[in-house]
Amino acid sequence: MNRRPPHPQMDLTVTLETYTKLCAASADTGYQKEIWEIAAEAIRDWLARNAPESFGMPKTAGFQWKDVFLPNGTVLRTIAQGKNYHCVVDGDHLLYEGRQISPSGFANGFGGAGRNAWKVIWLLLPDSTTWKLAHTLRHAKPRRTSR
């Protein structure tokens, strides 16, 4: 690729272990992005999760998926052919590799058409350490009773 980093720029120190893992992961993706691009994206993601006001986004930003609200910073995961795929809620949009996508498009883009996104997408909400199946959040709300 050999894209040049933007100017001005500065150096950031990382451990050799982190740098080695970053290089290996970049190689695994076919060098789709330069190392500095990956680092910048990771820093932006971290800032968005930890200091959303630095991007001028309200803390209430998020993606509305039918009757489930996914707050900014939520990570979505689906598995197809034994491989994990991830996308993230960024502001009010769902993004996969920087492009807007729908939950259905994300679920079906890897496992073939006809997959029920609610049953094949796992969610990691901000400030959570536990993945939850989307279907469980959709039906976790108390049902209204008639009077």
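Here's what I pulled together on the structure shown here.

1. Looking at the overall build of the protein
Each helix and strand in the protein was counted, giving five helices and eight strands. The secondary structure elements of the protein, listed N-terminal to C-terminal, are α-α-β-β-β-β-β-β-α-α-β-β-α. Evaluated residue by residue, the protein yields a buried proportion of 27% over its 147 residues. Long-range pairs, those at least 24 residues apart, make up 45% of the contacts in the protein with a sequence separation of at least 6. Entry remark: accessible area of the protein is about 10500 Å², with carbon and sulfur atoms responsible for 55%.

2. Topic: the sheet that holds strand β4 (residues 83-90)
Ordered in space as β6-β5-β4-β3-β7-β8, the six strands form an open sheet in which the pairing is antiparallel. Of all strands in the sheet, those with a lone pairing partner are β6 (99-100) and β8 (132-133), marking the two edges. Most of the contacts of helix α3 (residues 103-111) go to strand β3 (residues 75-80), to which it runs at about 25 degrees, and overall it touches β3, β4 and β5 (93-96).

3. Observations concerning empty space enclosed by the protein
According to the stated counting rule, one finds one cavity of 30 Å³ or more in the structure shown. What the largest cavity holds in volume is close to 50 Å³. Mapped by element, the contributors of at least two residues to the lining of the largest cavity are α2 (35-50) and β4. Looking at side-chain class alone, the lining of the largest cavity contains three nonpolar, two polar and three charged residues.

4. Some thoughts on unusual backbone geometry
In the Ramachandran plot, K66 falls in the positive-phi region, its phi being about 50 degrees despite a non-glycine side chain. Here K66 lies in the loop between β1 (62-65) and β2 (68-71). Its relative accessible area of 61% is what places K66 among the exposed residues. Not every positive phi belongs to a glycine, and E97 is a case in point at roughly 50 degrees. With relative accessibility at 42%, the residue E97 sits in the partly exposed group.

How each quantity is defined
- Residues numbered from 1 in each chain as written.
- Predicted model: local features only at pLDDT ≥ 70, side-chain atom pairs only at ≥ 80, totals over all residues.
- Heavy atoms only, no water.
- Helix = DSSP H or I, 4+ residues; strand = E, 2+ residues; numbered from the N terminus.
- Buried < 20%, exposed > 50% of the residue type's maximum accessible area, 1.4 Å probe, protein only.
- Contact = heavy atoms within 4.5 Å.
- Areas by Shrake-Rupley, 256 points an atom, 1.4 Å probe, with all protein chains shown as cover.
- Pairing = 2+ DSSP bridges.
- Axes fitted to C-alpha atoms, helices over the stretch in contact; angles between N-to-C directions.
- 1 Å grid on protein atoms, 1.4 Å probe; cavity = no way out; pocket = protein on both sides within 12 Å on 5 of 7 lines; lining within 4 Å.
- Points joined across faces, edges and corners; volume = space filled by probe spheres on them.
- Nonpolar A, V, L, I, M, F, W, Y, C, P; charged D, E, K, R; others polar.

Function cannot be read off these values alone, since they describe shape.
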